[in-house]
Amino acid sequence: MFKQIRKKDFKIAISAFSLLLFLFIACTNHQIGKENAPIYRNGMVVTANPLASKVGLEILKKGGNAVDAAVAVQFALAVVYPNAGNIGGGGFMVYRSSTGESNTLDFREKAPEAASKNMYLDSAGNPIANLSTEGHLAVGVPGSVAGMWQAHQKYGKLDWKDLIQPAIKLAKSGFKITQIQAEELNSEDSIFRVLNSGYGYLVNEKQWKKDDLLIQNDLVETLKLIQEQGRDGFYKGKTADLIADEMMRNKGLITKRDLVNYQAVWRKPLIGNYKGYKIIAMPPPSSGGVALLQLLGTLENYPLAKYPFHGDSSTQIFVEAERRAYADRATYLGDPDFYQAPIKNLLSKSYLKNRMNNFSFDKATPSSEILAGDFKGKESEQTTHFSITDKDGNAVAITTTLNGSFGAKVFVKGAGFLLNNEMDDFSVKPGTPNMYGLVGGEANAIQPNKRMLSSMTPTIVEKDGKLFMVVGSPGGSTIITTVLQTITNVIDYQMSIQKAVNVKRVHHQWLPDLIYIEKDALDSLTSQKLTHKGYKILERGNIGRCDAILLNKWGYYEGGADPRGDDSKMGY
Ligand code: GLY
């Protein structure tokens, strides 16, 4: 009897303790987030698509680490999010291990060996419309499969084959497309037909509608080759033959030699500090890390939190810092294997301080008018980012892309996947804006085997020697400012990670000399004040689509999945 009572008491005590623990977690979460966001102890995956997030989560639950989950997600996104998820594109990975080791992997596309500086110019030296953005000549040598293979070789725990299997399953059984996906596929229907003469991949005679099943049988066969042979399943043999044939038939430049020679490259991370936080960022050939650290280094000189969020003063500080950082980007940054950027100087505290010497809160500093560019505004900024953390505290930030939505709109006939239009990220002609309105010069001029400059900004933030945030975004030229705002929203404005991702964004990129805002990002009084000071403001569609994870001070993961898309966060 006595024993029974003790047992019962024990059970009651356990229940009371569990309830208290639950309330404690709920309350602490409330304190941080001011909202009831789910939090997880063992791992978290935030991606642009719920099916891909689920794939990543399952891998974590099977005992895979963050890199295993990232590999599986990259291949899953190639199936369920063909606008940007890819095996025919490239990207960057920033990695931080549970013990604090950091590393970055560059699996950016590169120019084919036969590429040349003026390949997109006519005889008068003017860019030929659409040549660097659509069709076979726009394609850079893909890097994603090599990247995933090298990441797995170095850090992976589970068997490679098990990481490709979920993507194969999704491609074989098919998945129901969303309304947004149906509309996007239909809007590209005519260009798909023009560029892919008779190959029916992603083309639907009756037009796509929501809940149609997308089955990708050719992609299944390509993924099986990659599953069996690793990188060789893509860069050699049947897949390489199909890519080279596709190029040869259509005056593209990529050869089997380009493919077999492609290598992803481990690069030393760019490390910076912002108000006591350590920033682990991607070095060139992405401009993302340099620009982000320049921006944070400039903002650090201002007590941001004292200025109202999205008020005229805080907006001016961001805009003026961005104007200067993007001007440097255009001049100094390119593939480090071809062009030595003066990174140390660009990031020096005194340089960044001096850069703002001519800034006044009274009026806008006009951008140079000599190289004035313009958004062509006809391409969406379709890249994708995912953030993953595991139970041991390893973290991965990957941003990957085909460049424009559905890349070059070119399918590899018989292999069932899309190719990128990344060649447009080179400076096709000095001073001529690319499809994001970005200008560039010699540093980013086209050369054989050179990597084109990127804006992708996968980033990991540390606090007191521990993981703090994993963050990144698509958005072409707006990637950098989206990541910047997400970080400062958390650090300076004390927002929860979900709120930091949700709030409206503002963007400036030197040229064109405009403040781009999402609808209602600035109230009308702020807009009036800024206009009075000489700023030009232009409302546009979504800026960025940020997917982030924060490790809170109690050791739980919180996610921020961007509501601008179908993005989803899952954890356990
Ligand atoms: N294609 C977009 C970027 O790399 O910045």
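Residues numbered from 1 in each chain as written. Predicted model: local features only at pLDDT ≥ 70, side-chain atom pairs only at ≥ 80, totals over all residues. Heavy atoms only, no water.

### Quick notes on the overall build of the protein chain
Turning to step 1, where the next piece is worked out: Summing up its helical and strand segments, the protein chain has 18 helices and 21 strands in all.
Turning to step 2, where the next piece is worked out: On C-alpha atoms alone, the protein chain measures out to a radius of gyration of 24 Å, which is about the 25 Å that the 2.2 N^0.38 rule sets for 572 residues.
Turning to step 3, where the next piece is worked out: For the protein chain, the spread of C-alpha atoms along the principal axes amounts to about 95 × 60 × 45 Å.
Turning to step 4, where the next piece is worked out: Every one of the 572 residues in the protein chain was classed for burial, and the buried ones make up 62%.
Turning to step 5, where the next piece is worked out: Long-range pairs, those at least 24 residues apart, make up 73% of the contacts in the protein chain between residues at least 6 apart in sequence.
Turning to step 6, where the next piece is worked out: When the accessible surface of the protein chain is totalled, it reaches about 22,400 Å², and 54% of it is carbon and sulfur. (Helix = DSSP H or I, 4+ residues; strand = E, 2+ residues; numbered from the N terminus. Rg over C-alpha atoms; globule rule 2.2 N^0.38 Å. Buried < 20%, exposed > 50% of the residue type's maximum accessible area, 1.4 Å probe, protein only. Contact = heavy atoms within 4.5 Å. Areas by Shrake-Rupley, 256 points an atom, 1.4 Å probe, with all protein chains shown as cover.)

### Some remarks on the pairing of strand β4 (residues 102-107)
On a regular strand, one side chain projects to one face of the sheet and the next to the other, so that they alternate.
Turning to step 1, where the next piece is worked out: Judged by how many residues are buried, β4 sits mostly within the fold: five of six residues are covered.
Turning to step 2, where the next piece is worked out: Judged from the six bridges that link them, strand β3 (residues 90-96) and β4 form a sheet pairing that is antiparallel. In the strand pairing of β4, G91 is matched with F107.
Turning to step 3, where the next piece is worked out: Remark: five residues form the turn of the hairpin made by β3 and β4, two consecutive strands paired antiparallel; G100 in that turn has positive phi of roughly 95°.
Turning to step 4, where the next piece is worked out: The pairing of β4 with strand β7 (residues 265-267) spans three bridges and is antiparallel. In the strand pairing of β7, D106 is matched with V265. (Pairing = 2+ DSSP bridges.)

### Quick notes on empty space enclosed by the protein
Turning to step 1, where the next piece is worked out: Evaluation of the coordinates by the stated rule reveals eight cavities of 30 Å³ or more.
Turning to step 2, where the next piece is worked out: Space inside the largest cavity adds up to approximately 120 Å³.
Turning to step 3, where the next piece is worked out: Every residue lining the largest cavity is listed: F309, H310, S314, T315, F318, V319, E322, Q485, T488, N489, Y493 and V506.
Turning to step 4, where the next piece is worked out: The element that contributes the greatest number of residues to the lining of the largest cavity is helix α13 (residues 312-332), accounting for five residues.
Turning to step 5, where the next piece is worked out: Considered class by class, the residues forming the lining of the largest cavity number five nonpolar, six polar and one charged.
Turning to step 6, where the next piece is worked out: Of the pockets and cavities examined, the second largest cavity occupies roughly 80 Å³.
Turning to step 7, where the next piece is worked out: Considering the residues around the second largest cavity, the lining is formed by 15 residues, among which D425, Y436, S454, S455 and G476 are closest to the centre. (1 Å grid on protein atoms, 1.4 Å probe; cavity = no way out; pocket = protein on both sides within 12 Å on 5 of 7 lines; lining within 4 Å. Points joined across faces, edges and corners; volume = space filled by probe spheres on them. Nonpolar A, V, L, I, M, F, W, Y, C, P; charged D, E, K, R; others polar.)

### Here's the deal with the site of the ligand
Turning to step 1, where the next piece is worked out: Around the ligand, a shell composed of R108, N403, E422, D425, S454, S455 and M456 is seen.
Turning to step 2, where the next piece is worked out: The side chain of S454 places a nitrogen or oxygen atom 2.7 Å from an oxygen atom of the ligand.
Turning to step 3, where the next piece is worked out: Protein contact buries 99% of the 200 Å² of open area that the ligand shows by itself.
Turning to step 4, where the next piece is worked out: The residue inventory of the shell around the ligand, partitioned by class, reads one nonpolar, three polar and three charged. (Near = heavy atom within 4 Å. Polar contact = N/O pair within 3.5 Å; in protein donor to acceptor, adjacent residues only side chain to side chain.)

### A closer look at helix α12 (residues 288-299)
Turning to step 1, where the next piece is worked out: Helix length check: α12 (twelve residues) gives 16 Å between terminal C-alpha atoms against 16 Å at 1.5 Å per residue, within 8%.
Turning to step 2, where the next piece is worked out: Extensive coverage of α12 is indicated by the burial of twelve of its twelve residues.
Turning to step 3, where the next piece is worked out: Of the positions making up α12, those classed as buried are G288, G289, V290, A291, L292, L293, Q294, L295, L296, G297, T298 and L299. (Expected span 1.5 Å × (residues − 1).)

### What about the pattern of salt bridges?
Turning to step 1, where the next piece is worked out: Taken as a whole, this structure holds 33 salt bridges when the rule is applied.
Turning to step 2, where the next piece is worked out: One salt bridge in this structure joins D425 and R108, with 2.9 Å as the shortest N-O distance. Separated by 317 residues along the polypeptide, D425 in the loop between β13 (418-419) and β14 (459-463) and R108 in the loop between β4 and α4 (144-155) bring together distant segments of the chain.
Turning to step 3, where the next piece is worked out: The salt bridge involving K161 is made with E228; its shortest N-O contact spans 3.7 Å. One end of the pair, K161, is in helix α5 (residues 160-173); the other, E228, is in helix α8 (residues 217-229), and 67 residues separate them in sequence.
Turning to step 4, where the next piece is worked out: Relative accessible area serves as the criterion here: at 35%, K161 is assigned to the partly exposed category.
Turning to step 5, where the next piece is worked out: Bridged by salt links that share partners, the residues D106, R267, D337 and R451 form one connected network. (Salt bridge = Lys/Arg side-chain N within 4 Å of Asp/Glu carboxyl O.)

### A few points about the packing of aromatic side chains
Turning to step 1, where the next piece is worked out: Per the stated rule, a full pass over the model turns up 17 aromatic pairs.
Turning to step 2, where the next piece is worked out: A ring pair is formed by F192 and F411, whose centres lie 4.9 Å apart and whose planes are at 55°; its orientation type is tilted. With F192 in helix α7 (residues 189-195) and F411 in strand β12 (residues 410-411), this residue pair connects regions lying 219 residues apart in the sequence. Pair check on accessibility: F192 and F411 agree, each one buried. (Phe/Tyr/Trp six-rings, centres within 6.5 Å; stacked < 30°, edge-to-face > 60°.)

### Here's the deal with the packing of helix α2 (residues 50-61) against α5
Turning to step 1, where the next piece is worked out: Closest axis-to-axis distance for the α2/α5 pair is 11 Å, and the angle between their directions is 150°. Here α2 is positioned roughly antiparallel relative to α5, judged by the angle of their axes. Our pair here, α2 against α5, has a crossing hand that is right-handed. Packed against α2, whose contacting residues are L51, V55 and I59, the element α5 presents D162, L163, P166 and L170 at the interface.
Turning to step 2, where the next piece is worked out: For the contact of α2 with α5, the residue count by class is six nonpolar, no polar and one charged. (Axes fitted to C-alpha atoms, helices over the stretch in contact; angles between N-to-C directions. Parallel < 35°, antiparallel > 145°, perpendicular 65-115°, else oblique. Left-handed = near helix turned anticlockwise from the far one by under 90°.)

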